[in-house]
Amino acid sequence: MRKVKYIYWAGALIMTLITTNSAVAQEAAKQNSPASIELLKAKSLWFNTNNAAGLTLDKMHDYSDLNFQYKIKSGDFKKSHDGEKESTLGVSTEGGLKLSGGYVWGKFSYNNETLRNTLYNTTMINPERGMPFYTVDKNMSDWKRQNYKLEMKVASKPLWDKYIVGIQGEYVTSTGAKQVDPRSVGYFYTITVKPGIAAMFGKHSVGVNMVYQNLVEETRTTNSNGQLSQDVYVVKGLGNFYSAVVGGLQSLGQFVYSGNKIGGDIQYSYGISDINFILSGNYHLRVEDVISSPTKPKKEGTIKEEMMSANLTVTKSCDNFHRLDLSYSVNNSSGIEYVQVLDNTYEVQRWVDVYSSVRSTYNQIDMVAKYDFFRGAAHEYKWKAGLFANYRDNDDLYILPKSKMRVENLFFGINAKTNIPLKLANRLILGADFIYKNNINGYYIYKGADATSPVITQFMTPDMQYSRQDYYKIGGEVSYFTNISRSNKSGMFVKVAADYYKPVEGEGNRMQTTIGLGFTF
Amino acid sequence: MKNIYKILIVAVLALFTAASCQQFEDVSKIGEIESLSVVVKANLDLGSAPAPNGFNVKLINYAERYEVNTTMGANGTVTVEGIIPGIYTITLSSEKAQDGFTYNYSGNVVNVDVVTNNKQITVNVGASKSGALVLKEVYYCGSKTPTGGSYFRDQFYEIYNNSETVQNVRGLCIAILNPLTATANLPVWPGDDASKFVYASTIWQVPTDVDYPLNPGESIIIAQMADDHKKSNLNPNSPVNLLSAEFETFINTTSLIQNNPAINMVMAFWPSPTPQWLTTVFGGAFVIYYPSVAINPANFISPVGSTSKNYKIPIDEVVDALELVGNANQVQLKRMPAVLDAGAATVGGTYLSVSVGRKVKETKTDGRVILYDTNNSSEDFEVLNPPVIRRYGAKAPSWNTWK
């Protein structure tokens, strides 16, 4: 609870600093609007890398915004652990500021979520975060979650006219609780630090940064009705599991996840005339252990994840602005399991490893090509259009007994927005997008101990059917922006957006509606 | 200024390295799993019993719910391939009929790790004639009341004469062993001969005042409370009426407990009695035995590091044994020595109104049944719904005049 208070006050402080600083320091700048901030970020090559030092090279102007949004999702085209209905109340604020020749940027966000009628997730605040070892049960339940995220990037001014040092930090903390027996309460946090350096050699710039992340998640299970124990399944990849009970003398213990990630990125950018590009690559390694009953720790498993990616971004800025992004990433994870025996010596009483091995592997290849065109490359765009293609191949294997899952998808997307000027410098943004997912390949072959268990028939198989379905998404948004200050520095906008998901074959759909109110400074 | 930057960079690097180094080192050399072979050997200690023709061999990895079955020839060795590395219970069993007797051969090793290829595991195999008195059906998990409450006074234990000769249950004891529920934290018992005993938390004894003969095919019911549990003031949802039980573990009357027609058992050992003999609804480990010397509660024993009072029972005196656990996954948490019970039975939950009972091996021409008794409850028992006393035509003894 104390942590939450600290985060609240830190967030409030950042919001205050960002809004007041930008209002004071922005010298004769044009008014920021959602369209101008979107274009600013599109033009910034280093902003989306892990190297904060490059922010100074991006020459971004001051900006800040404050957003409130309420999001509702509903519909049965979803995975088991998603809610039949989900609502999210969120607030976020973000801002960047030129400071003494360098640049600082910060963001704070808070979301409060309610998920109705979820299935097969007893303990995980985010069951899709790449952790195969967790607990599921058959009881339909609501989930309540809230998360806080603090991000900051700081870049120095050029030192000796050549070097820029920077640091990027991120602190995320989440809490969540399942609302029906077997119920759970969980806490999750990550802290990420990315120190970096960039060097300029004429039109050439190179950068290098390190990444370190520490992660902890703790989950406890309990029953409100102490008279009735609840069966649960501790899954460990591709539908394999062991049975356990919540309640009674042999109740499932607390699970503690603790992980570290290290890695590094390199960047190279070059600018010639009105064309700029940045080439970056990275390698990150994460190891996360899962133990149960921390007072007598028993290893439930370990995940070892290797991530490699290469990205190329090219921009051309003249009267109009073009941006091309190409990326290729590989993610190889190994699920490690242990054979342990209890050393029952009276004074010792601890679990001892006698064997460990990689039991499962999870490999993902992701390739993205994305192009955006902005009509008008000054402060705001007049209209924009974009298209993308994304190939993603997930190839998962449980080695012994052998089970296999493969999902190969191709996504195509096209989007457009128009920024219509109105009287008194007001603007209306109309946007639409269309995404089509084509499943190239998808199968799940389970050869484990119990093919008739609910974990297979009611959880894994329906989720696989969802993953292999072709679907299309139609989205649209309307945003109205107006000036709210005499100095033309502050603006306010309201936004309504809707996304509709529909499988090409079969029943079901999913609708997401977002209502937002925001301010720019 | 340059030095300060250098120191900062080195300090940050050192911090990162120290924080993550051990965790990364631990997983750096872990390779992919490979299946193993294991060599199982039988070491026979058969006494006067004839040698069996071979064995059924079962390897169970309870954590993985993985089971391999094979057979072993008369040479007493078999190599089993395709084993997933893990912790196994390996059971050898056989049966042979000779000279009018049925001999059971069984032996097992429990919680043995198979993590290296071609590991040799020796299983000591003993022989016994099928037991005369067996625990036939045990209803331990309790039932739910109409309002959703938990009811546990309707527990019963049925003991059956599975032999061809008359047995006398006079002085027969039923004991629940320590620990009461399945757990990985087994107590450590003092003494070099600790493994020759089992350790009871509570012992009840059939009175020794008169004989209580039991003919083949007859059974006795030991009830926690020998009442009609379907009565409105007890639990109308209870599956059993135990008014005809032969014995009950009566202590004293309360608003719910009365002294029923059943004969009161003798509380032979119970250091801290409560108003009723409630055994754990998660599944206890039970033995029935005839003590060779009178039970003296003052001769208690405590496990190392504990002050709990328990009573030593020589394994040689045990007539039958039954290990019960909370769910199938807990079979690996065995408390009972394998020589008494190589497996475990379970109803898989609590307050389910179901029982465990022995399977029928054969039915004689007169309708009398012979029940399985291989000293392996995983094999011999099944879940029965609802619990029924004197199932399969078992008869009450003639001295039960209130049946």
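Caption draft 1: How the structure looks around the interface of chain B and chain A. Chain B puts 40 residues into the contact, and the matching count from chain A is 37 residues. At the level of secondary structure, the elements contributing two or more residues to the side of chain B that touches chain A comprise helix H1 (2-27) and strand S5 (86-98) of chain B. It is H1(B) that contributes the most residues to the side of chain B that touches chain A, 7 residues altogether. For the side of chain B that touches chain A, the class distribution of residues is 20 nonpolar, 16 polar and 4 charged.

Caption draft 2: How the structure looks around the sheet that holds strand S9 (residues 230-235) of chain A. All names here are of chain A. Taken in spatial order, the 3 strands line up as S4-S9-S10 in an open sheet, and their pairing is antiparallel. Both edges of this open sheet fall to strand S4 (134-136) and strand S10 (241-246), since each of them pairs with a single strand only. Averaged over all adjacent pairs, the angle separating strand axes in this sheet is 35°, with direction ignored. In this sheet, S9 lies alongside S4 in antiparallel orientation, the contact comprising 3 bridges. Looking at the pairing, Thr135 lines up with Val234 of S9.

Caption draft 3: Highlighting the domain arrangement of chain B. Residues and elements named next belong to chain B. Segmentation of chain B into domains returns domain 1 (36-129) and domain 2 (133-393). Of note, the centres of domain 1 and domain 2, computed from C-alpha atoms alone, are 28 Å apart. Between domain 1 and domain 2, the contact holds 12 residues from the first and 11 residues from the second. The element contributing the most residues to the side of domain 1 that touches domain 2 is strand S6 (residues 101-114), with 5 residues.

Caption draft 4: Representation of the sheet that holds strand S8 (residues 133-139) of chain B. Residue and element names in this part refer to chain B. Strand order across the open sheet formed by 7 strands is S18-S17-S16-S11-S8-S23-S26, with mixed pairing between neighbours. The sheet is open, and its two edges are formed by strand S18 (263-264) and strand S26 (381-384), each paired on a single side. Where S8 and strand S23 (residues 355-358) come together, 2 bridges link them in antiparallel fashion. What sits directly across from Val138, in S23, is Val356.

Caption draft 5: How the structure looks around helix H4 (residues 454-467) of chain A. Residue and element names in this part refer to chain A. Taking 1.5 Å per residue as the helical rise, H4 with its 14 residues ought to reach 20 Å, and the 18 Å between its terminal C-alpha atoms agrees with that figure. At Met460, H4 shows its maximal kink, close to 30°; a proline, Pro462, follows between one and four residues later. If you check which residues of H4 are buried, you get Val455, Ile456, Phe459, Met460, Asp463 and Met464. Looking at the buried positions of H4, the neighbouring elements they touch are S4, S9, S10, strand S17 (403-421) and strand S18 (427-445).

What counts, and at which threshold
Residues numbered from 1 in each chain as written. Chains lettered and ligands numbered in written order. Predicted model: local features only at pLDDT ≥ 70, side-chain atom pairs only at ≥ 80, totals over all residues. Contact = placed C-beta atoms within 7 Å. Helix = DSSP H or I, 4+ residues; strand = E, 2+ residues; numbered from the N terminus. Nonpolar A, V, L, I, M, F, W, Y, C, P; charged D, E, K, R; others polar. Pairing = 2+ DSSP bridges. Axes fitted to C-alpha atoms, helices over the stretch in contact; angles between N-to-C directions. Domains from an automatic or database assignment. Expected span 1.5 Å × (residues − 1). Bend = angle between axes of the 7 residues up to and from the residue. Buried ≥ 20, exposed ≤ 12 C-beta atoms within 10 Å, placed from the backbone.

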